[in-house]
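Inside the fold
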Amino acid sequence: MRRAGPGAPAEHGAAPRDCRGALKAGVRAAAGSRAGPGRVPAAAAAAAMGVCWGPVVRVLVLQAAWALGGGQVRYSVPEEAKAGTVVGRLAQDLGLEAGEPEARRLRLVAQGRRASVEVSGASGALVVSSRLDREELCGKSAPCALRLEVLVERPLRVFHVELEVTDINDNAPLFPVNEEAFTIAESSLPGSRFPLEGASDADVGANAQLSYTLSPSEHFSLDHQGNNEQSASLALVLTKPLDRETVPVHRLLLTARDGGRPSLTGTVELVISVLDANDNAPQFNQSVYKVKVVEGSERGTLLTKLSATDLDEGINSDIIYLFSRRVAAQVKEMFTVDENKGEIRLQGKLDYEEMDSYEITIEARDKGSPPLSGHCKVVVEVVDVNDNAPEVWVTSLSVPVPEDAAVGTVVALLSVSDRDSGANGRVRCAVWPAAPFGLVATFAGSYSLVLREALDRERVPEYEVEVRAEDGGAPPLRASRGVRVPVSDVNDNAPAFAQAVYTVLARENNAAGAELARLWARDPDEAGNGRVSYSVAEGGGGGAAAAAGVGWRAASSYVSVDAESGRLWALQPLDYEELQVLQFEVRAVDAGEPPLCGNATVQLFVVDENDNAPALLAPAGGGPGPGAAGSSASGPGSSGALWAWAAWGAPAGQVVAKIRAVDADSGYNAWLRYELWEPRGKGPFRVGLYSGEVSTARALEEADGPRQRLVIVVRDHGEPARSATATLSVSLVEGGEAALAAAGSPSSSSSSGAGLRPAAGAEGGAAAAAAAAAAATNVWLVVAICAVSSLFLLAVVLYGASRWAPRAAVLSGRGPATLVCASEVGSWSYSQRQSRSLCVADGAGKSDLMVFSPNFPLPPPPGPAAKETQPEPPALLDTVVDCIPRP
């Protein structure tokens, strides 16, 4: 046996036994080296060459071929090798140590045909297991190579072994018959040729190269032209005229010899009968007829009409046409020949893909006795037509494709073929739609479906791609193959809120845990990339809190947002007096990798509730005034006692005193009205509804008594209304006494002659005033009367000016979004940009405003039924200035 591929030789009959140890060491050292292709360790090579030069050189050359061959082992074995013949030392060639083949379960896996070889479990050698017949395995194909796979476990590895079965000369040439009879007219001229059917040899190569010899004859010779079985011409040539009377029958032995060593032969006996009389054979007008016919032609199609002539006369010149005895049965089934006309017609279905040409030998035979014949060859060439559509196959598909895949990414491998030939077999391919994929030809018949444009899963999550193939025939045939390409998601979209700014209204004193709004951010990604969680970004209402005199507090101390649903909750009750506007950011973060986020600004406006009762202010003189506690609308709350002077005879409308109060709420809730609770009915005094001024309802008379006790209720406009009460004691005195009392009172008003003071020292003050009046001189009395008169006139003028003076104009204009709140008498707006002060007497200014319009309903209280978000109201009024001057 011999090895055709790299590796150690299987048998070295010529090598001496003392060299085999060195050879094994050299092979193992070479097999164990993996330094690089074609490299063999120098020490191993030197040791091997030191023992036996010739085998070591062969080992090194074979090992270099092994490394350069990429690890594929090739063996060759002649056919007909006996069972048990060692083909090669497979385990050793694969670099396995002794005992490893059996331990690692070295075994052979045949592909396709029966291999007739096996691996010896103990030695790891590749041996012949059954009869190897190259002609049975491969027929006339050369070379005859069997592809084997060798498996080794622990670890699992696959080796490819190619076994070439070499031909031996085991088949002798074989003639179709053992004896062939001819009839030749004696009148045949020297040089006449008589075709012979040659022999066939099942071997290949030189073993199938045939040569012919003819037994010695003075009348005949052999003419052999060409060496191809299909085109070889073998004829018997007449060299000398025949004489039937001398030799009526000639017996010749035709011998065919192949080119093998040793050569094998086959013989056929030629029996030639010499005929008398009919000495002219039919002759064709041409020796070879060539015909082209389109495949798929209809049965009965005329291919050609043969023509042969015979120089004889009478019956000896009548010719019939028929197939030669050498024509195969397959050809006879496909074609017919009219024996009288010589017409060859089609009777089968031609298929170019099965056979592209036919060779038919036709014999023209006369009717002489014996008949003579002539021969010609008809070559039928089948012309291909476009009768096969292209075929498209997907050999590999890599899906899904990430949406961030780079341009040029290979998505699928396709194979395109057409059984036709020429232009009919040339296929053009295209992909539809043209974007975002394209086709790239890798080599003949193979294409790659590649990415030509960037993908966006949110726009197109899946593509239905159609690969269309069209051949170059006329008309062209088409085929298509659909490929479904899903697109996988990557985190390339950040969450986005529906609004950049959310405006939320919340009533103060809400319950802790009440839902204020619901925020929602959309992320078009899928799965975790589109799962959004919400959180409050740290920021706060420090600006609003600072205006109320409170330190800065983070927004997260007021509100919280549910991480999954986006619901906005209140962590504690809100107090309008502490915080009017809270602005903060809500962040939406997806669960992608890396995570992306989006922000939205939330402006939380606290809507005022009527939770503060009016509070009475101290008198203008600066002494500690009475306090008042708020109460419900059912009755007055806590009261404060005040004292004032009035002169008998004072005209109607004279201001006696002014009640001052303030409400910590805003808007309607802080809009105060004053009512006279006691005495009921028509009394001498009245109270201004919104000014709080206590004035005379009519001229005071002595019948009204020395003292009047007034109970005044101060109410706001909230729902429900809250109130406070003030008790005013008015002493009625003579005009002079009233003037002196007013002049001596530290709390007297500059605009009226009435004094206002706490009632704690009322009796003592009256006595002191009476004593001073008794001791005063007439001059001082006149001066006092003049002063009081002057002051009274001035007060009347100022009071009239304050009564009928026009109020401050309402300023309006374009501005930013304005929060609108409402009550039973209208609505009020709070400008986000700025606010103006509302001045009441000389009390502290308030940053609220009153603009009344019934166009906007009061927003519903926050709760489960409230909307998630409230739309931002349009810009209304920037500010309102309403200053009430002190009379």
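Per-chain numbering applies: the sequence of each chain, read as written, is numbered from 1 onward. For a predicted model such as this one, the threshold for reporting local features is a pLDDT of at least 70, and the threshold for listing and counting side-chain atom pairs is 80 or more; totals across whole chains, interfaces and linings nevertheless cover every residue. Processing note: side-chain calculations cover all non-hydrogen atoms of the structure and skip hydrogens and water entirely.

Focus: the overall build of the protein chain
To qualify as a helix, a DSSP run of H or I must reach at least 4 residues; to qualify as a strand, a run of E must reach at least 2; elements of each kind are numbered from the N terminus. What the protein chain contains, in helices and strands, is 11 helices and 52 strands. A buried classification covers 43% of the 887 residues belonging to the protein chain. Sequence-distant contacts in the protein chain: of pairs separated by 6 or more residues, those separated by 24 or more amount to 69%. All accessible-area figures derive from a Shrake-Rupley calculation using a 1.4 Å probe, and residue coverage is judged against the displayed protein chains alone. Accessible surface, the protein chain as shown: approximately 44,000 Å² in total, 53% of it carbon and sulfur. Burial classification: accessible surface area is computed with a 1.4 Å probe over protein chains only, and a residue below 20% of its type maximum counts as buried, one above 50% as exposed, and the rest as partly exposed. Only heavy atoms matter for contacts: two residues are in contact if any of them lie within 4.5 Å across the pair.

Structural notes on the packing of aromatic side chains
Only Phe, Tyr and Trp rings take part, Trp by its six-membered ring, and two of them pair if their centres are within 6.5 Å. Stacked means planes under 30 degrees apart, edge-to-face means over 60, and tilted covers everything else. A full pass over the atoms with the stated rule returns nine aromatic pairs. Pairing F284 with Y321 gives two aromatic rings, centres 6.2 Å apart and planes at 50°, and the pair type is tilted. On the criterion of sequence distance, the pair formed by F284 in strand β15 (residues 283-284) and Y321 in strand β19 (residues 319-323) is long-range, its members being 37 residues apart. Three or more aromatic residues joined by ring pairs form one cluster here, namely F497, Y502 and Y534. Lysine and arginine charges are scored as sitting over a ring when NZ or CZ, respectively, is within 6 Å of the ring centre and within 35 degrees of the ring normal. Lying over the aromatic face of W393, R481 brings its terminal NZ or CZ to 5.1 Å of the ring centre. Stacked on the ring of W677, the Lys or Arg R680 has its end atom at 4.4 Å from the ring centre.

Here we look at the sheet that holds strand β27 (residues 427-432)
A pair of strands is treated as paired once DSSP finds two or more bridges between them. Read across the open sheet, the four strands follow the order β25-β31-β30-β27; overall the sheet is mixed. Because the sheet does not close on itself, it has two edges, and the strands there are β25 (401-402) and β27. As judged from the nine bridges shared by strand β30 (residues 462-471) and strand β31 (residues 478-488), these two strands associate in the antiparallel manner. Paired with E464 across the bridge in β31 is R484.

Thoughts on the environment of N169
Locating N169 in the fold gives a position in the loop between β7 (157-166) and β8 (179-185). Classification of N169 by relative accessible area gives buried; the value is 15%. It is 9.3 Å that separates the C-alpha atoms of N169 and A202, two residues lying 33 residues apart in sequence.

Some details on unusual backbone geometry
Residue P400 follows V399 across a cis peptide bond; omega there is -5°. Tracing the sequence through the fold places P400 in the loop between β24 (391-397) and β25. Despite not being glycine, N509 shows a phi value in the positive range, around 65°. Along the chain, N509 falls in the loop between β33 (501-507) and β34 (515-518). Accessibility expressed as a relative area gives 43% for N509, which makes it partly exposed. Look at A527: it is not a glycine, yet its phi comes out positive at around 55°. Mapped onto the secondary structure, A527 falls in the loop between β35 (521-522) and β36 (532-537).

A word on the nonpolar core
The criterion is simple. A nonpolar core is a set of buried Ala, Val, Leu, Ile, Met, Phe, Trp, Tyr and Cys residues joined through side-chain atoms within 4.5 Å. Counting residues in each nonpolar core, the largest one holds 28 residues, and the members touching the most others are F497, F584 and L604. Residues within four places of F497 in sequence aside, it is in contact with Y502, L519, W520, A521, Y534, V586, R587, A588, G598, N599 and A600.

Brief notes about the sheet that holds strand β21 (residues 343-346)
Pairing in this open sheet of three strands is antiparallel, and the strands run β17-β21-β20 from one edge to the other. Each edge of the sheet is formed by a strand with only one pairing partner; in this case those strands are β17 (302-305) and β20 (335-337). The sheet shows a mean angle of 20° between the axes of neighbouring strands, taken without regard to direction. Taken together, the three bridges between β17 and β21 define a ladder with antiparallel strand orientation. By the bridge assignment, T304 is partnered in β21 with I344. To define axes, lines are fitted to C-alpha atoms, for helices over the stretch in contact only, and angles between the resulting N-to-C directions are given on a 0 to 180 degree scale.

Some words on a nonpolar patch on the surface
A cluster of nonpolar residues, V394, L397 and V399, forms a patch on the protein surface that exposes about 200 Å² of accessible area. Within the element layout of this structure, V394 appears in strand β24. Residues with no salt bridge and a relative accessible area higher than 30% make up the patches, which join like charges within 9 Å and nonpolar side chains (Val, Leu, Ile, Met, Phe, Trp, Tyr) within 5 Å. What counts as a salt bridge is simple: a side-chain nitrogen of Lys or Arg found within 4 Å of a carboxyl oxygen of Asp or Glu.

Structural notes on the environment of D471
For D471, the location among the structural elements is in strand β30. For D471 and R426, which are 45 residues apart along the polypeptide, the C-alpha to C-alpha distance reads 5.4 Å. If near-sequence neighbours (up to four positions away) are discounted, D471 is found in contact with N386, N388, P390, D418, A423, N424, R426, V427, R428, P476 and L477. A distance of 3.3 Å separates a polar side-chain atom of D471 from the backbone nitrogen of G473. Here a polar contact is recorded for every N or O atom pair within 3.5 Å, except that within protein the pair must consist of a potential hydrogen donor and a potential acceptor, and residues adjacent in sequence are included only if both atoms are side-chain atoms. Only 2.9 Å separates the side chain of D471 from the backbone nitrogen of L477, close enough to count as a polar contact.

Quick notes on the pattern of salt bridges
Opposite charge on two side chains permits pairing when their charged atoms draw close. Considering all chains together, one arrives at 22 salt bridges under this definition. Across the salt bridge formed by E343 and R345, the nearest N and O atoms sit 3.2 Å from each other. Note on E343: relative accessible area 13%, which makes it buried. Owing to a relative accessible area of 31%, R345 belongs among the partly exposed residues under this scheme. One network of salt bridges, in which partners are shared, links R457, E458, D489 and E526.

Overview of the pairing of strand β39 (residues 581-590)
Burial along β39 is one-sided: the face carrying L582, F584, V586, A588 and D590 is buried and the face carrying V581, Q583, E585, R587 and V589 is not. Direction of pairing for β36 relative to β39: antiparallel, over a ladder of six bridges. Looking at β39, one finds that V532 is bridged to D590. Pairing of β39 with strand β40 (residues 597-607) involves nine bridges; the strand directions are antiparallel.

Quick look at the pairing of strand β48 (residues 707-716)
Every other side chain in a regular strand lies on the same face of the sheet, so the side chains alternate between the two faces. Taken across its 10 residues, β48 has eight buried, putting it largely inside the fold. Sheet topology note: the strand β45 (residues 672-678)/β48 ladder contains six bridges and is antiparallel. Considered in β48, the bridge of R673 is made with R715. Pairing geometry for β48 and strand β49 (residues 723-733), over nine bridges, is antiparallel.

Thoughts on the confidence of the model for the protein chain
The predictor reports its confidence for every residue as pLDDT, a score running from 0 up to 100. Scored by pLDDT, the protein chain has a mean of 75; 71% of the residues are at 70 or more. Segment residues 1-70: pLDDT under 50, and 92 contacts once partners within four positions in sequence are set aside and those in other chains are kept. In this model, residues 540-550 is a region of pLDDT below 50 whose contacts with residues beyond four sequence positions or in other chains number 23 contacts.

Remarks on the environment of A600
Turning to its location among the elements, A600 is positioned in strand β40. Relative accessible area serves as the criterion here: at 1%, A600 is assigned to the buried category. On a C-alpha basis, the gap between A600 and Q499 in space is 7.0 Å, while along the polypeptide they are 101 residues apart. What A600 contacts, discounting residues up to four positions off in sequence, is F497, Q499, A500, Y502, F584, E585 and V586.

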